[in-house]
Amino acid sequence: MADIRTLQLIRDQARPLAGLADVDSLLQLAGNSRIVLLGEATHGTHDFYQLRAELSRRLIIDKGFDAVAVEADWPAALRASRYAQGADDDASAEMALRGFERFPRWMWRNTEVVAWLEWLRERNRSVPEASAQVGFFGIDLYSMRESMNAVLRYLERADPDAAKRARARYACFDELAHDPQAYGHAVHFGLRDDCQREVLYQLRELCGDATRHLRHDGAASTDQLFYAQQNARVVRNAEAYYRAMFDGRTDSWNLRDRHMADTLDALDRHLTQQRGRPARLIVWAHNSHIGDARATDSAERGQWNLGQLVRESQSRASESFLLGFTTHTGTVAAASDWDLPVEFKRVLPSRHDSIERQLHDSGVDRFVLPLREASAELREALARRHLQRAIGVIYRPDTERWSHYFGASVSRQFDALVHLDTTEALSPLDRDTAPQHEAEAETYPSGV
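All of these numbers come straight from a predicted model, not from anything done at the bench.

Draft legend 1. Looking closely at unusual backbone geometry. Residue Phe103 is joined to Pro104 through a cis peptide bond whose omega torsion reads 0°. By the secondary structure assignment, Pro104 is in the loop between helix 5 (93–96) and helix 6 (111–125). Positive phi is not limited to glycine here, since Asp174 has a value of about 55°. Relative to the elements of secondary structure, Asp174 occurs in the loop between helix 8 (160–170) and helix 9 (180–188). The phi angle at Asp339 is positive, at roughly 70°, despite the residue not being glycine.

Draft legend 2. Representation of the nonpolar core in the model. One finds Trp108, Trp116, Leu117, Phe136, Trp284, Leu323 and Val418 to be the most contacted residues of the largest nonpolar core, which totals 57 residues. In terms of residues, this core owes the most to one element, helix 3 (residues 46–63), which gives 7 residues. Apart from residues lying up to four places away in sequence, Phe136 is in contact with Val68, Val70, Ala77, Leu78, Ala80, Ser81, Trp108, Trp116, Leu117, Leu120 and Trp284. Counting residues in hydrophobic clusters, the runner-up holds 41 residues, among them Ile35, Ala69, Tyr227 and Val310.

Draft legend 3. The side chain of His386, seen in detail. With respect to the element layout, His386 can be found in strand 9 (residues 386–389). In this structure the side chain of His386 is engaged in a polar contact, spanning 3.1 Å, whose partner is the side chain of Gln358. Beyond its immediate stretch of four places on either side in the chain, His386 contacts Asp353, Ser354, Ile355, Gln358, Ala381, Phe406, Gly407 and Ala408.

Draft legend 4. Just the packing of helix 1 (residues 4–13) against helix 16 (residues 376–383), in detail. Two elements in contact, helix 1 and helix 16, have axes separated by 10 Å at closest approach and are oriented at 125°. Considering their axes alone, helix 1 and helix 16 lie oblique with respect to each other. When you trace helix 1 past helix 16, the crossing you get is left-handed. Contacts from Arg5, Thr6, Leu9, Ile10 and Gln13 in helix 1 reach Glu377, Leu378, Ala381 and Leu382 in helix 16. Considering only residue class, the contact of helix 1 with helix 16 consists of 5 nonpolar, 2 polar and 2 charged.

Draft legend 5. Quick peek at the pattern of salt bridges. As enumerated under the stated definition, the model contains 38 salt bridges in all. Salt-bridge contacts for Arg102 lead to Asp73; the nearest nitrogen and oxygen are separated by 2.6 Å. Of this pair, Arg102 sits in the loop between helix 5 and helix 6 while Asp73 sits in strand 3 (residues 67–73), and the two are 29 residues apart along the sequence. Take Asp73: its relative accessible area is 14%, and that puts it in the buried class. One continuous salt-bridge network, built from bridges that share partners, spans Asp292, Arg294, Arg311, Glu312, Arg372 and Asp415.

Draft legend 6. Quick look at the packing of aromatic side chains. Scanning all chains against the criterion turns up 17 aromatic pairs. Joined through ring pairs, the aromatic side chains of Tyr49, Phe100, Trp108, Trp116, Trp119, Phe136 and Trp284 make up one cluster. Lying over the aromatic face of Trp402, Arg401 brings its terminal NZ or CZ to 4.4 Å of the ring centre.

Draft legend 7. Inspection of helix 10 (residues 196–208) at higher detail. Spanning 13 residues, helix 10 covers 18 Å between terminal C-alpha atoms, matching the ideal 18 Å at 1.5 Å per step. Listing the buried residues of helix 10 in full gives Val199, Gln202, Leu203, Glu205 and Leu206. Along the long axis of helix 10, the arc covered by the buried residues comes to 165°, so they all point the same way. Helix 10 presents Arg197, Arg204 and Gly208 as exposed residues on the side facing more than 90 degrees away from its buried surface.

Draft legend 8. Inspection of the environment of Leu51 at higher detail. Checked against the element boundaries, Leu51 lands in helix 3. With 325 residues separating them in the primary sequence, Leu51 and Ala376 have C-alpha atoms 28 Å apart. Here Leu51 is in contact with Leu17, Leu20, Val23, Phe325 and Val418, once residues within four sequence places are set aside.

Draft legend 9. The arrangement of the pairing of strand 10 (residues 405–408) in detail. Covered by surrounding structure in strand 10 are Tyr405 and Gly407 together with Phe406 and Ala408, the residues of both alternating faces. Here 4 bridges tie strand 9 to strand 10, and the two strands are oriented antiparallel to one another. In the sheet register, Arg389 faces strand 10, and the bridge partner there is Tyr405.

Draft legend 10. Representation of helix 3 in the model. Helix length check: helix 3, at 18 residues, gives a terminal C-alpha distance of 25 Å against a target of 26 Å (1.5 Å per residue), a fit within 8%. All buried positions along helix 3 are accounted for by Asp47, Phe48, Tyr49, Leu51, Arg52, Ala53, Glu54, Leu55, Ser56, Arg57, Leu59 and Ile60. Positioned one or two residues after helix 3, Gly64 has a phi angle of 70°, which is positive.

Draft legend 11. Region of the structure containing the state of the cysteines. Here the structure, examined in full by the defined rule, presents 1 disulfide. The side chain of Cys172 participates in a disulfide bridge whose partner is Cys195; the two sulfur atoms lie 2.0 Å from each other. Around the S-S axis, the bridge from Cys172 to Cys195 shows a dihedral of about -90° and counts as left-handed. Highlighted residues: Cys172 in the loop between helix 8 and helix 9 and Cys195 in the loop between helix 9 and helix 10, separated in sequence by 23 residues. Cys172 sits in the buried class, given a relative accessible area of 17%.

Draft legend 12. Spotlight on the pairing of strand 5 (residues 281–284). Where burial is concerned, the two faces of strand 5 agree: the one with Leu281 and Val283 and the one with Ile282 and Trp284 are both buried. Bridge count for strand 2 (residues 35–38) against strand 5 is 4 bridges, and the pairing is parallel. Bridging across to strand 5, Val36 finds its partner in Ile282. Sheet topology places strand 3 next to strand 5; 4 bridges connect them, and they run parallel. In the strand pairing of strand 5, Val68 is matched with Ile282.

What counts, and at which threshold
- Residues numbered from 1 in each chain as written.
- Predicted model: local features only at pLDDT ≥ 70, side-chain atom pairs only at ≥ 80, totals over all residues.
- Heavy atoms only, no water.
- Helix = DSSP H or I, 4+ residues; strand = E, 2+ residues; numbered from the N terminus.
- Core = buried A, V, L, I, M, F, W, Y, C linked by side-chain atoms within 4.5 Å.
- Buried < 20%, exposed > 50% of the residue type's maximum accessible area, 1.4 Å probe, protein only.
- Contact = heavy atoms within 4.5 Å.
- Polar contact = N/O pair within 3.5 Å; in protein donor to acceptor, adjacent residues only side chain to side chain.
- Axes fitted to C-alpha atoms, helices over the stretch in contact; angles between N-to-C directions.
- Parallel < 35°, antiparallel > 145°, perpendicular 65-115°, else oblique.
- Left-handed = near helix turned anticlockwise from the far one by under 90°.
- Nonpolar A, V, L, I, M, F, W, Y, C, P; charged D, E, K, R; others polar.
- Salt bridge = Lys/Arg side-chain N within 4 Å of Asp/Glu carboxyl O.
- Phe/Tyr/Trp six-rings, centres within 6.5 Å; stacked < 30°, edge-to-face > 60°.
- Lys NZ or Arg CZ within 6 Å of the ring centre and 35° of its normal.
- Expected span 1.5 Å × (residues − 1).
- Arc of directions from axis to C-beta.
- Pairing = 2+ DSSP bridges.
- Disulfide = S-S within 2.5 Å.

What follows is the structure in C-alpha cells.
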C-alpha cells in the first residue's frame, strides 16, 4: 500500500488521458528522442496496442519517424511490411499477416494490427519515394527455418553458386531445421555436432563481399541484400539461442535480447545510410524487454535486455525514450500453456504491494506519469523496489505471484509510464483461435 504522500505526488504529476487517441503529452515527453521504445504489460491487451499505434502514427506524421521494429520474427514482419509499403503480393492486411503461423499467432494476427497496417499502407502511398516509406520490421529470432529459406531464395536470384554453398551449409541441420528446439536438445546432450561454424561462415560470406550480390536497381537492391543479411543473422543467432536454451534461462534470455539490440542497430545503420540523416525508430515490445533491466530483479541474475542495451549505446540519454504500460485489472487474450488455444482471461486486481496498486490507488483512471521529468521526491519514492506484473502470451492467475510478478524500481526502469486502470483483451483474427471465455474461479478475485 502506497503512503499518502506518494499517492498525492502521483495525483499532482499525472497527466490524465481523455482516451486512447490522446497522445499529445506522450509526444511532448518523447521530445527529440530518435529511438522510442513502447512497452506493454501483456501480449494480449487491446488498449496497449491501440495506444501504441496512435502514438506511432503521430511520431511518423509529426516527427518523421522511419520504421516500427516489433517483437516478432523478421520474415513474417517483412511480409507485412511489404504490404504496408505498397506491394500487391497480398490483397489485404489480413493476408499479409498470414506469415505469422506459429503460436502465439494472435499476438500479431489481430484486428488491432490489421488496422495499423492498413493505415500505414495508406500513409506510405503519400510518400513519393519508395525508399522513404515507413517499414514494419521484426527483431526476434525464432524463425530459423524460415530465415534459411529466405537466404536461399535471395541467393538463387542474386548468385546461384553462392546459393549452392549456402544450401550445403544449412544442410548441417538435416531435418532438425524444422524443430530447432530438438536440435538444441540433441547438441546439448552430445547426440550430434552443432552447426555453429556453418551458420557463421554463411553470414560472413553474405556480408563480406556484398557488392557482388547487388544488382543495378538502386535502393531496392540494397534493401533486398540487407533483408537477406538480416535473415542470415537470425539463423546464426537462433542456432546459438536454441543451444543455450538447455544451459539456463539467463544465457538464452541474453542472447535473445542482444539479438534484438543488434537487429535494431543494423536497421538504424541501414536506414541512416538510406535517408542521409540519423534514422528515427519506434519499437513495440513487452515491458520486460524495453524497461531497463538494471532497475529490476533480472540484473541480479546477470540478465540484460533491449532497453538497457539501447540506453547504454546512446551518447545522450535524451536520444532514447522508454515508455512502460501498466494495468490494474480487466481482460487479456492469453493461453494457459505453450501451444494451447488463446482464451479471454480475467486479469486479477493487482497485488497490494505492487506498483500497479499504487497507481490504481491514486484514483486517476487513465494517465501518463512522467518519470524522467518528475519531481525528485516522486522519483525517489518510485525508485523504491515494488512488485510489477508481466503477462506474456501465457497467463496463470492461480500462480500469479510467482509466475508474473518481479521486483522493479519503476523510476529507473522507464522514462514515463502509462497506466490504464481497466483494460480489454485484443481481438484475434483466426476462427480456430477464437478466444475461449474462462470460467470465474471460486476464489476470484483474491486468488487464495
